[in-house]
Amino acid sequence: RRVRTRLYFTSESHIQTLMNVLRYCHCVKDARTQSQSGGDSTSTSSGEKGTADRIVCPEVERRLRVQPIFDYLTQIVFRLYEDKRQPQKSPERYRVEVLFSPGAARDPSVPRAVDASELEPLEPLHEPGRPLTYARLQELLTPFSASSPGEQ
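Attention here is on the structure that accompanies the text.

The rules behind each value
- Residues numbered from 1 in each chain as written.
- Predicted model: local features only at pLDDT ≥ 70, side-chain atom pairs only at ≥ 80, totals over all residues.
- Heavy atoms only, no water.
- Helix = DSSP H or I, 4+ residues; strand = E, 2+ residues; numbered from the N terminus.
- Buried < 20%, exposed > 50% of the residue type's maximum accessible area, 1.4 Å probe, protein only.
- Areas by Shrake-Rupley, 256 points an atom, 1.4 Å probe, with all protein chains shown as cover.
- Salt bridge = Lys/Arg side-chain N within 4 Å of Asp/Glu carboxyl O.
- Contact = heavy atoms within 4.5 Å.

### Side note on the overall build of the protein chain
Then, in step 1: Scanning the protein chain from N- to C-terminus turns up three helices and four strands.
Then, in step 2: Secondary structure elements of the protein chain, listed N to C terminal, follow the sequence α-α-β-β-β-β-α.
Then, in step 3: Within the protein chain, the proportion of its 152 residues that are buried is 24%.
Then, in step 4: If you sum the accessible surface of the protein chain, you get close to 10,900 Å²; carbon and sulfur atoms cover 52% of it.

### Structural notes on the pattern of salt bridges
Then, in step 1: Under the definition given, this model contains ten salt bridges.
Then, in step 2: Note that Arg 85 is salt-bridged to Asp 83, the shortest N-O span being 3.0 Å.
Then, in step 3: For Arg 85, a relative accessible area of 74% translates into the label exposed.
Then, in step 4: Residues Glu 92 and Arg 95 are paired through a salt bridge, measuring 2.6 Å at the closest nitrogen-oxygen approach.
Then, in step 5: For Glu 92, a relative accessible area of 37% puts it in the partly exposed group.
Then, in step 6: Overall, Arg 95 belongs to the partly exposed group, its relative accessible area being 24%.
Then, in step 7: Residues participating in the shared-partner salt-bridge network are Glu 59, Arg 62, Arg 63 and Glu 123.

### As for the environment of Leu 119
Then, in step 1: Take Leu 119: it is sitting in the loop between strand 2 (94-101) and strand 3 (123-124).
Then, in step 2: With residues up to four places along the chain from it excluded, the contact list for Leu 119 reads Tyr 72, Leu 73, Gln 75, Gly 103 and Ala 104.

Written out as structure tokens, the structure is:
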């Protein structure tokens, strides 16, 4: 059985807010760790945060900084997969892909080529081929939820 949920936002500010949460959710944990330890214990020797600690990988982050504009039909897609070969309680049982497309890519004043796509393709925000576990995604996003697990 497949269950699909689609949420549509008509305001760019909602998309920007969701994207900012995805881009910077790891900073909440980093700030807590720094305040408790008195320093930065999560950086590598090059100063780059580890990609396992974030949703948006450094390459995608770089592209978003170069071109931060989201156009008509911007898409953020969460795909949840279940691996029934994994034990029921294993964090590896549920994996999440987080995909993004900035939307319409062409200038509307220029005639469309017959074979040209009007939308940028969906691409993973995380390291390609390395989706997040659902447990890790939940851990990163919980500080931004209206209620913590168990408070519902």
